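# Observations on the three-dimensional arrangement
Here are the chains, one letter per residue:
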Amino acid sequence: MSADMKENVLELQGVVMTFGGLMALSDLNFKVKRGMIKAIIGPNGAGKTTLFNVITGSFPPTQGTVTFNGRPIQHLKAHKIADRGISRTFQTVELFGNMTVLENVMLGCYTRIRTSFMASGFVLPQARRKEKRISETALKILKFIGLSHKFKDPADSLPLGEQKLLEIGRALASEPELICLDEPAAGLNETETHVASSLIKAINAKGTTVLLVEHDMKVVMNISDEILVLNYGRKIAEGPPEDIRKSPTVIEAYLGAEA
Amino acid sequence: MLRIAKLPIAVFALFILVFPWAARQIPAIEHYPDIMVFAGIYCLITIGLSLLMGYAGQISIGHAAFFGIGAYISGILTTNYGMNPWACMGIGMAVTAIVAALVGTPSLKLKGHYLAMATLAFGIIIFIIFNEETEWTGGPDGMSGIPGLSLFGFEFDSVERYYYLVWGFVIAAFIFTVNVIQSGTGRALRAIHASESAAGAMGVDVARFKILVFVYSAVLASLAGSFYAHYLNFINPATFDLFFSIKLLIMIALGGMHNIWGAIVGTGLITFLSNEWLQYFEEFEVIVYGAILLFVTVILPEGLAGVPGIVKGWFRR
Amino acid sequence: MEKITLASQLLQYLITGLTVGSVYAMVAVGFNIIYNVTEIINFAQGEFVMLGGLIMVFFHVAMGLPLILAFPATIILVTLVGILLDRLAIRPIRRPSVLTLIIATIAVSILIKGTASLIWGKDPFDLPAFSGRNPITFLGAVVQPQYFWVIGFLIITAIALSIFFDRTILGKAMSACADNPDAASLVGINVKQMIMLSFALSAAIGAVAGITMTPISLMEYDRGAMLAVKGFAAAILGGLGSFPGAILGGLIMGSIESFGAGLVSSGYKDAFALIVLLVILFFKPSGLMGSIEISKIKRF
């Protein structure tokens, strides 16, 4: 990976996102340092998933720039952004239910190893070799996330906790520099949450920068290096967990939302 | 579900090889190889369509147009300009590829019934052109005198020779398509079918893929059209109407949309139904097709390919 | 002298276009009724029109029933077919997906077409015009009285529908289903029945279109597909789901076709509507009166 080793993997400047009359994100500025785990939190409707969608290319921001390794990406389509080295998971699990566990992860390799339509049809030797590399990589990842024993099972036969792990595994297959996890602990029980947290820490330990959206405060406080708090599409606080925990602005935003 | 075994393909190829000889031994089915030629021609279309509909999850109710473009380009260039039929086949496929890319690019941005309607409209427009441009196509009366095929002096002028020619191409196309399905490219296609947003997030250029498969299926249909023209030595617009596009749909639905073998089985059955078993019951043809399609849609959504699964389900209880 | 002839020619095309357009508008309205409640595009919509014409021929010509009896009898029968379509093809589908529903309605459309060819054969049939065939001269254009019956019935249908949806409980219930089926069922509306009703209503309107148009352009067993495509084009032009849009779209579509056939090429008459459909789908699928937000929110 010959990436330009900038200090900040991701940088947002002046990002605004409006849908019709609704301003989902307004004047967002923040940086994600290489190698950190950064969490984005905020009450429901604060714009967290919209932010993810802008970063990963589901749609371009109305205004502002998103920079990845120093190069702007806000105008790129999702598949191009994946090629650059950003991977993601989805809030409601979007696995490929019509494929096996192994095939889902193998698809994750697509951005790194591809064969053309013609080469696939004629099964040229290079195509065969690439397939072998892809399945080896995928099996390694399955081992890493603890799902090797289920590699042949249809992806939609897995319980939710394992589906979420699988989605993370699929996102890892492309060896991303930055992985964006959208509510990795949503819907999980305590054991499953613990497994997910450990996995995220292990991924980070290997050098991948992690950006995550999460509601589970225990997870957030436990694994994050830095937290960004959104409310009504604006940044209202940013800093290490201890600061955020004590911040009166943040407490008010959450309590205010409940009241 | 996806390891498409090589053994059945070999067995099937063997069956194809032996069939004409076997048919000659039984007077009642002596003429079946002729019907099989048509089945083979239609299989070329349905193999591509199956990839498009069953694996990439898109729909086209206008593929008769591509079948017709291939047929008419072959017919016009060989009859009016005396060009080499094989070259014309290639030209037909190239022209079809361009047309498919032009029509497919805006169409495949549409979803569901918008896409269906766009392909429907396109198919009918091409059909109208075949009927109206009488100077080129001969209009509703059709175009005759289309030469047959030959290679280095070897004439494909008997049913049997043409049978082996067409089925040779069918088996080649089948194997090629199976290879694609089992490759990383096939995985990307199935990913698109399951979740376009997740596929995109994993680096798959969804728009480009859809167009690619659409063009592939169109080119195969064009090839089929050329074979059709050189076999019958006569074509007319009525062959390439909306109802034929729907018939293709029925072939795939009957066989099983999510299984490439389904294309072969469904096409074979419908072709025999059409050319043989229903030939004395022509008035009932349309109702039978409608009933088959309805039955498959409501009761057997995976087509005949889904039957083994259903039977297994009974035994498990 | 030339100017008057051209002007009256154009007027002729316009009136013809509005007449044909009224038929397309009625088909488009039928599409919208079903689409609003179910988000299904009913490919068999054109068959209702065809059946309206041919069944009317049966009651009025073959059986000799007077117009005043044959008309409602035909509508009732075609409505029953619409209900059958819902019961046999739509309701039983276990895992409805876009593709499956499209194919289901296509299946029924060819079933109906096949049955029609069995019963009536492949020849076109004629109906006596409601008020005779003495042409009316109108500002230089020569027009069949039946044309005004067609346009008139479109107006009646439009008024009846707006009263139905705005003023009656049943109509409001259907609108509620269209807006939000889950909320509708929570307040006690039987969504399945509303769906059946939407098919029934669409079939009835289609039948009216078929009955009124047959004295002008005859009717045969396979007219359904073209009517469906053109009606769909009208619905999309006006914005899928919008009733005023459907009517506007239909009239515009009919006019384009009429002027195209008269001024450009009559052989390509059918192609005009199809080309307009493709242009709209490619460049502005939300149509004239639809909004982009709505077309994105609807599932398909």
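A short tour of the structure in this document, coming up. Computed from a predicted model, the values in this text were never measured in an experiment. (Residues numbered from 1 in each chain as written. Chains lettered and ligands numbered in written order. Predicted model: local features only at pLDDT ≥ 70, side-chain atom pairs only at ≥ 80, totals over all residues.)

## Considerations on the overall build of chain C
What counts here: Numbering goes from the N terminus for both helices and strands, where a helix is a DSSP run of H or I of at least four residues and a strand is a run of E of at least two. With C-alpha atoms as the basis for the radius of gyration, the globule rule is written as 2.2 Å multiplied by the number of residues raised to the power 0.38. Exposure criterion: with C-beta atoms placed from backbone coordinates, a residue whose C-beta has 20 or more other C-beta atoms within 10 Å is buried, one with 12 or fewer is exposed, and one in between is partly exposed.
The secondary structure content of chain C amounts to 12 helices and 2 strands. Since a compact globule built from 300 residues should have a radius of gyration of about 19 Å, the 19 Å found for chain C is in line with a globular shape. If you line up chain C on its principal axes, its C-alpha atoms span 65 × 45 × 35 Å. Within the span of chain C, comprising 300 residues, buried residues form 52% of the whole.

## As for the sheet that holds strand E4 (residues 63-68) of chain A
Backbone hydrogen bonds are what pair the strands of a sheet, in a parallel or an antiparallel way. Residue and element names in this part refer to chain A. Quick note on the threshold: In short, DSSP must find at least two bridges between two strands for them to pair.
One open sheet accounts for 4 strands, arranged E2-E1-E4-E5; its pairing is antiparallel. For this open sheet the edge positions go to strand E2 (22-33) and strand E5 (71-72), each flanked by a neighbour on one side alone. Of the strand pairs in this sheet, strand E1 (residues 8-19) and E2 are connected by 8 bridges, and their pairing is antiparallel. Residue pairing for E2: Val-15 is matched across the bridge by Leu-28.

## Structural notes on the interface of chain A and chain B
Cut-off, in case you're wondering: Note on contacts: residues are paired as contacts if their backbone-placed C-beta atoms lie within 7 Å. By the convention adopted, Pro, Cys, Tyr, Trp, Phe, Met, Ile, Leu, Val and Ala count as nonpolar, Lys, Arg, Asp and Glu as charged, and the other residues, Gly among them, as polar.
Contacts between chain A and chain B engage 31 residues on the former and 23 residues on the latter. If you list the elements that add at least two residues to the side of chain A that touches chain B, you get helix H2 (78-84), helix H3 (101-108), helix H4 (117-121) and helix H5 (125-145) of chain A. Its residues placed into classes, the side of chain A that touches chain B shows 12 nonpolar, 11 polar and 8 charged.

## Observations concerning the interface of chain B and chain C
Reports of interface size often rely on the accessible area that becomes lost once the parts have come together. Taken together, the contact pairs 32 residues of chain B with 35 residues of chain C. For the side of chain B that touches chain C, the secondary structure elements donating two or more residues are helix H5 (112-132), helix H11 (242-255) and helix H13 (285-298) of chain B. The biggest single contributor to the side of chain B that touches chain C is H5(B), with 13 residues. Considered class by class, the residues forming the side of chain B that touches chain C number 25 nonpolar, 4 polar and 3 charged.

## Describing helix H10 (residues 206-232) of chain B
Note the cut-off: Given the number of residues in a helix, its expected span is that number minus one, multiplied by 1.5 Å.
In this model, H10(B) (27 residues) spans 39 Å end to end at C-alpha, consistent with the 39 Å of a helix rising 1.5 Å per residue. Trailing H10(B) by a residue or two, Asn233(B) shows a phi angle of about 60°, which is positive.

## Some remarks on the packing of H3(A) against H5(A)
Residues and elements named next belong to chain A. Defined as follows: What counts as an axis is a line fitted to C-alpha atoms, over the stretch in contact for a helix, and the angles between N-to-C directions run from 0 to 180 degrees. Note that the term roughly parallel is reserved for angles under 35 degrees, roughly antiparallel for angles over 145, roughly perpendicular for angles of 65 to 115, and oblique for everything else. Two helices crossing with the near one rotated counterclockwise from the far one by less than a right angle form a left-handed crossing, whereas a clockwise rotation gives a right-handed crossing.
Close contact between H3 and H5 brings their axes to 9 Å; oriented N to C, the two are set at 115°. It follows that H3 is roughly perpendicular to H5 by the angle criterion. Helix-helix and strand crossings are classified by hand; for H3 and H5 the assignment is right-handed. Each of Val-101, Leu-102, Val-105 and Met-106 in H3 lies in contact with H5, whose residues at this interface are Ile-134, Ser-135, Ala-138, Ile-141 and Leu-142. A per-class count over the contact of H3 with H5 returns 8 nonpolar, 1 polar and no charged.

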